[in-house]
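Structure assessment
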Amino acid sequence: MLQLRASVVLKELIQTSPKRSFSDIIRHKKTLPNAYIYSGAYPDGRISKLKTVCNGRPFILPLAGRRFLCTKTEGAIDPTEPVKKDESVQEATADKKAGILPCLEDLLFYSIAEGQERIPAHKFITALKATGLRTGDPRLKECMDMLKVTLKSTSDGVMLDRHLFKKCVQSNIVLLTQAFRKKFVIPDFQPFASQIDALYEKARNLSGGLVADYIPQLAKFSPDLWAVSICTVDGQRHTVGDTKVPFCLQSCVKPLKYAIAVHDHGTEYVHRFIGKEPSGLRFNKLFLDEDDKPHNPMVNAGAIVCTSLIKQGASNAEKFDYMMSFLKMMAGNEYVGFSNATFQSERESGDRNFAIGYYLKEKKCFPDGTDMTAVLDLYFQLCSIEVTCESASVMAATLANGGFCPITGERVLSPESVRDTLSLMHSCGMYDFSGQFAFHVGLPAKSGVSGGILLVVPNVMGIMCWSPPLDKLGNSVRGIQFCTDLVSLFNFHNYDNLRHFAKKLDPRREGGEQRSAFSDL
C-alpha cells in the first residue's frame, strides 16, 4: 500500500498560482525530486488551505509507476490528449506514464484520512457534521445512499479505502469540497454553534411572561419549552432545545403569506389594497389609514386583506393546498403540518377578527367579489399551520437567501417579494415593539403569539426562536433576549458594518476574528 507523507513538492505545487499553465509546471519538474509521495496531512491537516492550479484542479505527480485515477470533468486536462506544441511536449509525453492529476475526491479522502490507508465511515460523517452540513441534507442524498450501499459490500461494514470513498462522494464532490475548504458563509461553524448554545442557555434562565390563553389551544403549551434553530444560506444547520416540537405559526405566517402574494401579483397590485406604514396601534385594532386601507400586512387587518389576494377565484381548499405547497418548498420539504384543534379554537374565539373583517368589507378593502367569511376561514387556517423550529429556520433562510431554499437550491420566491417582505418585517414585524427591535437588533423579524420569532440575517442565515411565555406586547420573552444578545455578540445589526464602528465578532470571517476599523485599509 502506498504510504502517504507531506513533501516539498506538494507544498510548492499547492502554492502555485491558478493561472500557472500545465506546461509551466512540467517545465520546472526537473528542479524537483524525481520521486515523491503525496500526503493529505498538510501542516494544518486540512484541505481548506489547499490552493488549486491548472484550470482550478489540484496538480501533483504521484510516485512513479502509480496512478491516481479520476473522472475527467469539463475543463480538466486529460494526459491522454495532446499537449500544446511547445518545448515541453516531449517531457509531458514522458510524464504521462508517471501519473495524472489527482481529483477532488482523492484530496478530500487524504484530508480526512490523515495518513491512513482506510477510514471508518463515522469519521467522514463526524467531519461532515463539523462543517454544519447534515447527513439528511437533500443535496447529499446520492452520497449518503451510496455510502449505505457501499458499506454493505465491505467485509466489516465500517471501513472505506480511497476507491470506495471516491465512489461514495463523487456525485456531491463540489458541495463537499466547498464544505471542507471552509467556503461556506460561516467558515468555522463549530465555534459559532458553541456561541449560539451559550446565548441559548443565558436566555433559558429567564423567567417571566405569560403563555397566550385567548386562544385556548395555545394555553396548553408548557412555559418551559425553549428552542433555537439556525439555517445558513449555505444550508449549515444548528439546533438547540425543543426544536422538534410542532407549534402553530400564528402571526409568523403573515410575512410568508405577503411574500407569496407579491410573488404572484407584484408589489404594485398588492399595495393597492394594503399600506406600507407602521400603524402605531395594537395589531388587532379596527383602524385604517387615511386612504381607508390597512396600514401594513403585519397587522391583522392587513393580513386578512392579504389572505384575500391568495389564488383569487379558487376554492378555500385549493387556496389552502396552494399555501401549504408553497410553505413546504420554503422549508425544503421539512415538517409543515396543520392543527385542526387550533383552527377550530381560533374560529370560535375570533370575534375581534370577525369585527375587523366586517369593517374591511364596509370600507370596500377587499378585491371585488370577495367572500369575506371564506377569507376569514382561510385566515384562521393559515394561522394554524404547524412548523417546528427546524423547518421554520429553513423558511427564514429562504428569505435570507433571496428566495432560494438553501437545502434544495430551488427558487421559491422572486427577489422583489423577498425584498419587500424583509422591508416590512423590519419596520412592522414585532407588534408595538417594532421600533425598539429595529433600533436594538436591526434585523427583519416577525413574532407570533404562539411564542415564535422568525429572524432573518440577510445573506447569512435564518433563525427561528420559540418559547411560549410572552411579554405584555405579545413577543416571546426568551426570544427577544436571544435576538438582543445575538447582535451584541456578532456584527449582524444592519448598521454594525459601518467603517470605524466598534468591534464585534464576525463569524463570516475565517477564524472568527474581530472586525477592525483598519481591516479594509
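Predicted model, so just to flag it, every value in this text is computed and none were measured.

**So, unusual backbone geometry**
The phi angle at Lys-182 is positive, at roughly 60 degrees, despite the residue not being glycine. Its location among the elements puts Lys-182 in the loop between helix H8 (173-180) and helix H9 (189-204). Notably, Tyr-431 is not glycine yet its phi reads approximately 55 degrees, a positive angle. Assignment of secondary structure puts Tyr-431 in the loop between helix H18 (415-428) and helix H19 (434-440). The exposure class assigned to Tyr-431 is buried, which follows from its relative accessible area of 9%.

**Thoughts on the sheet that holds strand E9 (residues 445-447)**
In spatial order, the strands read E5-E4-E11-E10-E9; together these five strands make up an open sheet with antiparallel pairing. Here the strands that pair on one side only, and so sit at the sheet edges, are strand E5 (237-241) and E9. Direction aside, neighbouring strands of the sheet carry axes that sit 10 degrees apart on average. Along the sheet face, H9 touches strand E4 (227-232), E5 and strand E11 (461-466) and points at about 25 degrees away from the line of E5. Along the sheet face, helix H17 (residues 389-400) touches E4, E5, strand E10 (452-457) and E11 and points at about 145 degrees away from the line of E11.

**Topic: the packing of helix H12 (residues 300-308) against helix H16 (residues 372-383)**
The geometry of H12 relative to H16 is characterised by a closest axis approach of 9 Å and an angle of 110 degrees between their N-to-C directions. Taken as axis vectors, H12 and H16 run roughly perpendicular relative to one another. Residues Asn-300, Ala-303, Ile-304, Thr-307 and Ser-308 of H12 lie in contact with H16, whose contacting residues are Val-375, Leu-376, Leu-378, Tyr-379 and Leu-382. The class makeup of the residues in the contact of H12 with H16 is seven nonpolar, three polar and no charged.

**Side note on the packing of helix H4 (residues 104-113) against H8**
At their nearest, the axes of H4 and H8 sit 10 Å apart, and the two run at 40 degrees to each other. On the basis of the axis angle, H4 is oblique to H8. Here the hand of the crossing between H4 and H8 comes out left-handed. For the pair H4 and H8, the contacting residues are Leu-104, Glu-105, Leu-108 and Ile-112 in the first and Ile-173, Leu-176, Thr-177 and Phe-180 in the second. Of the residues contributing to the contact of H4 with H8, the split by class is six nonpolar, one polar and one charged.

Parameters at a glance
Residues numbered from 1 in each chain as written. Predicted model: local features only at pLDDT ≥ 70, side-chain atom pairs only at ≥ 80, totals over all residues. Heavy atoms only, no water. Helix = DSSP H or I, 4+ residues; strand = E, 2+ residues; numbered from the N terminus. Buried < 20%, exposed > 50% of the residue type's maximum accessible area, 1.4 Å probe, protein only. Pairing = 2+ DSSP bridges. Axes fitted to C-alpha atoms, helices over the stretch in contact; angles between N-to-C directions. Contact = heavy atoms within 4.5 Å. Parallel < 35°, antiparallel > 145°, perpendicular 65-115°, else oblique. Nonpolar A, V, L, I, M, F, W, Y, C, P; charged D, E, K, R; others polar. Left-handed = near helix turned anticlockwise from the far one by under 90°.

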